[in-house]
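Overview (structure and organization)
The primary structure of each chain is shown beneath.
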Amino acid sequence: MREKMKLGSLLKFAFLLIALFSELAFSLTVYAPKGSMVYYNDKFVGIVQKDSISLNAEFPGILKVVKPGFVPFEKILTDDATVTVELSLPSFLNLKVTPQNARVFVDGQLVEVDTFSGTARLQINSGVHEIKAEAPGHATKTLRVEINPYEEKDLEITLKRTVTLKLVSEKDIDNAILGGMLISLPSTIEVEPGKYKLYLPNIFLKSIQEIEVPFVDEYVYKVDSTQMFKLTIDGSPAGAYAWISGQIWKLPTTIVLPENSYDIRIFSQSYEDYETKVELRKDTKIFYNLKPKLEVTQRTGDNNFVIEYDGYVRDRVVVKPWFTTIKDNAGNIVWYGFSDGSLKNLPKTVPVLISKDMICMVGSTIFKGPTILQVTPDTTVFIYDKHQQNSQTKLQVRDITIIDSEDRVLVNIYSKDRYEVYWDNEFVGHTPVYFFVTTDGNHRLTFVKDGLKISEEIVEVKRGQLNELRPSF
């Protein structure tokens, strides 16, 4: 009997705790203007008589407060015990659209437009709203409109059958052509949607630019106004070389490059290097006067390899750029490229030789042949050949790679002394001659010094290799 009494007491106590906990956990008080109608989870709770109303609520839930003439208040509640509601007077947006059959979206929601008058009146919350209008055969127009509290705003939207094309340019450019029209840049013109070619004067890097204009009210295109400028390099001694962005030019020379900042190194045998930086923003001339190099340094290589500098094994070389060929003890070429004569170990890069009128892209950097690149193993490169309608080849470089053709074979010509070089009886320069381009097959090679013929012979050059030639004596 006592046990039954204890069990009954415990049950009564548990029910009291549950009732107390429910009252504390789910009590909700809403403060709102007098006369407001309160809904919770779409169920009518009551009307605010003075300044608030209280209810028991399950969380989460949706609280909605409505009063005629005001914008309804709605909020998702999770554990709030008290909510203060401030109702605001509504704002209105009066729309008029042309053509009348246009579809209008406000914040992504389609609104009903009178197709006879092309008008619509919307009750809308204050703030910024996105309005989009579209109609068949017309450019879609999107705009943002700010509505103030209690404001009634009129908005008229007229759709066009053309697109306002804004051509933005960092430079003023005359005599540009778009769609057969002669224009000046920057410019704003009306065009039909579609594809266009913008032609700039040939002093610009991208003299032809393709533009695809979508069917929208306004389209902005940023014109690439990168210009090309002449860089002239001349000085003493003649026959020096200039290294610019991974390519080498024999001096004196005038080359055309895109406007940019360039680090330039000028070098010649037995002379100290000269380094300078050029901001190429206009046609520019550089004059150099290299200082003779007096220091002679002893260089040795790894016994596992034979190292040739400009075609010869040398015990003593000056510190300067040399075309360096490394062979294993069996005579196989394992690496070549330019070095300062101090190599002792086999470099970890892979040489890629590119012949004339061929372009190599490594990442986003473009190199034009004839030249030599050094890349890391397994680098992916893209090759474009101007002689084959800009055909593209994708290569993954794992070992020495030669990019040439039967009519563009690469030749290096060396000698221990400085000679004039004639190729098939035509003068091609003084030794050393790097990356001379010729055809596959037999040719006449002649060395001349002080007007006297020192050596002449028929040599064979082959595609797919760097042909290194020197006098036979």
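Residues numbered from 1 in each chain as written. Predicted model: local features only at pLDDT ≥ 70, side-chain atom pairs only at ≥ 80, totals over all residues. Heavy atoms only, no water.

**Points about the overall build of the protein**
Put simply, the rule reads: Numbered from the N terminus, helices here are DSSP runs of H or I no shorter than four residues, and strands are runs of E no shorter than two. All radius of gyration figures rest on C-alpha atoms, and the globule criterion is 2.2 Å times the number of residues raised to 0.38. Using a 1.4 Å probe on the protein chains alone, a residue whose accessible area is under 20% of its type maximum counts as buried, one over 50% counts as exposed, and one in between counts as partly exposed. We call two residues contacting when some pair of their heavy atoms lies within 4.5 Å. Accessible areas in this description were obtained via Shrake-Rupley with a 1.4 Å probe; residue shielding takes into account the shown protein chains only. This count recognises Lys and Arg as positive and Asp and Glu as negative, with His and chain-terminal groups excluded. Every charge is mapped onto a representative atom, which is NZ of Lys, CZ of Arg, CG of Asp or CD of Glu.
The helix and strand inventory of the protein stands at 1 helix and 47 strands. On C-alpha atoms alone, the protein measures out to a radius of gyration of 41 Å, which is more than a quarter above the 23 Å that the 2.2 N^0.38 rule sets for 473 residues. With 473 residues in all, the protein has 40% of them scored as buried. Sequence-distant contacts, at least 24 apart, represent 45% of the contacts inside the protein between residues at least 6 apart. Entry remark: accessible area of the protein is about 27,700 Å², with carbon and sulfur atoms responsible for 50%. Taking the average location of the 55 positive side-chain charges in the protein and that of its 61 negative ones, the two points are 4 Å from each other.

**Observations regarding the nonpolar core**
As a reminder of what qualifies: Note on terminology: a nonpolar core comprises buried Ala, Val, Leu, Ile, Met, Phe, Trp, Tyr and Cys residues joined through side-chain atoms within 4.5 Å.
Among the nonpolar cores identified, the biggest contains 19 residues, and L93, L95, V97, V104, I131, L155 and I157 are the most heavily contacted of them. When residues of this core are traced back to their parent elements, those giving at least two are strand 8 (91-98), strand 9 (103-106), strand 11 (119-124), strand 12 (127-134), strand 13 (141-147) and strand 14 (152-158). Among residues more than four places away in sequence, those in contact with I157 are K96, V97, T98, I131, A133, K141 and L143. Judged by nonpolar contacts, the second largest core, of 18 residues, contains V163, L165, I189 and V213.

**What about the sheet that holds strand 41 (residues 409-413)?**
Let me state the cut-off plainly: At least two bridges found by DSSP between two strands is the condition for calling them paired. For helices, the axis comes from a line fit to the C-alpha atoms of the stretch in contact; other axes are also lines fit to C-alpha atoms, and the angle between any two N-to-C directions lies between 0 and 180 degrees.
Ordered by their spatial adjacency, 3 strands build an open sheet running 44-41-47, and the pairing between neighbours is mixed. Looking along the sheet, the strands with just one partner apiece sit at the ends: strand 44 (433-438) and strand 47 (467-469). Taking each pair of neighbouring strands and ignoring which way they run, the sheet shows an average axis angle of 30°.

**A look at the confidence of the model for the protein**
Condition: Per residue, pLDDT captures the predictor's confidence, and it can take any value from 0 to 100.
For the protein, the mean per-residue pLDDT works out to 87, and 92% of the residues sit at or above 70. Ranking the helices and strands of the protein by mean pLDDT puts strand 41 first, with 97, and helix 1 (residues 2-25) last, with 44. Of the regions scoring below 50 in pLDDT, residues 1-8 engages in 0 contacts with residues more than four places distant in sequence or in other chains. In this model residues 10-25 is a low-confidence stretch, pLDDT under 50, and it forms 2 contacts with partners more than four residues away in sequence or in other chains.

**Some points on the sheet that holds strand 27 (residues 274-280)**
Ordered by their spatial adjacency, 4 strands build an open sheet running 24-23-26-27, and the pairing between neighbours is antiparallel. Across the chains shown, the open sheet's two edge strands, defined by having one partner strand only, are strand 24 (247-250) and strand 27. Direction aside, the axes of adjacent strands within the sheet are offset by 25° on average. Summarising the sheet, strand 23 (residues 241-244) and strand 24 pair through 4 bridges and their orientation is antiparallel. Bridging across to strand 24, I244 finds its partner in Q247.

**Topic: the pairing of strand 1 (residues 27-31)**
Strand direction decides the pairing type here: strand 1 and strand 4 (residues 52-56), joined by 5 bridges, are antiparallel. The partner of V30 across the bridge, within strand 4, is I53. Of the strand pairs in this sheet, strand 1 and strand 7 (residues 82-84) are connected by 3 bridges, and their pairing is parallel. Of the residues in strand 7, the one forming a bridge with T29 is T82.

**Quick word on unusual backbone geometry**
Cis geometry is adopted by the peptide bond preceding P60, which originates at F59 and carries an omega value of -5°. Mapped onto the elements, P60 comes out in the loop between strand 4 and strand 5 (61-66). The step from S236 to P237 runs through a cis peptide bond, and the omega angle for that step is 0°. Position of P237 relative to the elements: it lies in the loop between strand 22 (228-236) and strand 23. Residue F435 is not a glycine yet carries a positive backbone phi of 55°. Relative to the helices and strands, F435 resides in strand 44.

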